[in-house]
Amino acid sequence: MTVDEKKEMEQETVDTQEPSEEEILTEEQTPEEEKPPAEEAPVEETADGEAAAEETPAEGTADAATETPEKKSFFGRKKEKKDKRDEQIADLTDKLKRQLAEFENFRNRTEKEKSQMYSIGASSVLEKILPVLDSFERGLKSIPEEQKDDPVASGMEMIYKQLVTALTDLGVTPIEAVGQEFDPNLHNAVMHVDDEELGENVVAEEFQKGYKYRDAVLRHSMVKVAN
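Residues numbered from 1 in each chain as written. Predicted model: local features only at pLDDT ≥ 70, side-chain atom pairs only at ≥ 80, totals over all residues. Heavy atoms only, no water.

### Some words on the environment of Leu 198
Test applied: Elements are defined by DSSP. Helices are runs of H or I of four residues or more, strands are runs of E of two residues or more, and each kind is numbered from the N terminus. Residue burial is assigned from relative accessible area. The probe radius is 1.4 Å, only protein chains are included, and a residue is buried under 20% of its type maximum, exposed over 50%, and partly exposed in between. Contacts: residue pairs with any heavy atoms within 4.5 Å of one another.
Secondary-structure assignment places Leu 198 in the loop between β4 (187–193) and β5 (202–208). Judged by relative accessible area, Leu 198 falls into the partly exposed class, the value being 30%. Sequence spacing of Leu 198 and Gly 179 is 19 residues, and the spatial spacing of their C-alpha atoms is 8.2 Å. Sequence-distant contacts of Leu 198, that is, excluding residues within four places in its chain, are made with Ala 204, Ala 226 and Asn 227.

What follows is the structure in structure tokens.
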């Protein structure tokens, strides 16, 4: 047998050989079965071995999460403005109260100073009138009893009474001295005498009458004190 005949026999043997199982499966596969399976999402298992479904955030929750910082920022700015406004109102209220208190103190102080200035001015004028009053008193005392009905003496007495009335209306009052206990705030002791009929530290005689203007001493009484 020649070499060519041997090759032809081997070729015929290969052609007549039955196909293998893998070749049959390969030929019978459909185009759909040849497609690779789609990848599935991995499933996590819990401690009990049960599969846990993957949770997806809800649409409303995502929107709320995105809107929350803006809302918080808006309300935060609003609250901050309100706090600043309240603080300014409290500050202005405190300043107003302080100004009103200062004005009230200023008004009271001004009224007090005005009253003091008026009292000082009036006292200065009245103090200069007192010597005139003293002159009237000495002149009336020097008139004899038989001449007191004389028109001149009567005129002097009328003027004296009118002057005393005017001073009384202004708040000038005489200081009581004779028979009273000596008071250094009202009396000016220029003499001392021993008299058993009088008590201790009692005014025995008045040399010059003293006067008060309202509650202040206008002039001290010049007196003689016993014992």
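### Observations regarding the pattern of salt bridges
Convention followed: When a carboxyl oxygen of Asp or Glu lies within 4 Å of a side-chain nitrogen of Lys or Arg, that pair is called a salt bridge.
The tally for this structure, following the rule as stated, stands at nine salt bridges. Of the charged contacts in the structure, one is a salt bridge between Glu 145 and Lys 148, with a shortest N-O distance of 2.8 Å. A salt bridge links Lys 224 to Glu 205, with the shortest nitrogen-to-oxygen separation between them at 2.9 Å. Placement of Lys 224 in strand β8 (residues 221–226) and of Glu 205 in strand β5 is noted, with a sequence separation of 19 residues between them. When its relative accessible area of 34% is taken as the criterion, Glu 205 is described as partly exposed.

### Some thoughts on the confidence of the model for the protein chain
Under the convention used in this document: The predictor attaches a confidence to each residue, and that confidence, scored 0 to 100, is pLDDT.
Of all residues in the protein chain, 67% have pLDDT values of 70 or greater, and the mean over the chain is 77. Mean pLDDT across the elements of the protein chain ranges from a minimum in strand β2 (residues 51–52), with 44, to a maximum in strand β6 (residues 211–213), with 94. Every residue in residues 24–62 scores below 50 in pLDDT, and together they form ten contacts with partners more than four places removed in sequence or on other chains.

### Regarding a nonpolar patch on the surface
What counts is decided by this rule: The patches described consist of residues with a relative accessible area above 30% and no salt bridge, like charges being joined within 9 Å and nonpolar side chains (Val, Leu, Ile, Met, Phe, Trp, Tyr) within 5 Å. Method for areas: the Shrake-Rupley scheme with a 1.4 Å probe, in which residue coverage is limited to the protein chains shown.
On the surface, Val 190, Met 191 and Phe 207 cluster together into a nonpolar patch covering about 270 Å² of accessible area. Examined against the element boundaries, Val 190 turns out to sit in strand β4.

### Considerations on the sheet that holds strand β3 (residues 172–174)
Put simply, the rule reads: By definition, two strands form a pair when at least two bridges between them are found by DSSP. Axis angles are defined between N-to-C directions and span 0 to 180 degrees, where every axis is a line fitted to C-alpha atoms and, for a helix, only to the segment in contact.
A sheet is described by the order of its strands in space; here three strands give the open sequence β3-β6-β7, paired in antiparallel fashion. Each of the sheet's edge strands pairs with one partner strand only, and the pair in question is β3 and β7 (216–219). When strand polarity is set aside, the average angle formed by the axes of neighbouring strands in this sheet is 35°. The pairing of β6 with β7 spans three bridges and is antiparallel. Considered in β7, the bridge of Tyr 213 is made with Ala 216.

### A look at the nonpolar core
Definition in use: Residue types Ala, Val, Leu, Ile, Met, Phe, Trp, Tyr and Cys, when buried and joined through side-chain atoms within 4.5 Å, form a set referred to as a nonpolar core.
Leu 126, Val 172, Tyr 211, Tyr 213 and Leu 218 are the most contacted members of the largest nonpolar core, which totals 14 residues. Among the elements of the structure, α4 (59–141), α5 (151–170) and β6 are those that each provide at least two residues to this core. If sequence neighbours within four positions are ignored, Tyr 211 has contacts with Leu 130, Leu 133, Glu 137, Val 172, Thr 173, Pro 174, Ile 175, Val 217, Leu 218 and Arg 219. Residues Ala 177, Phe 182, Val 223 and Val 225 belong to the second largest nonpolar core, which totals five residues.

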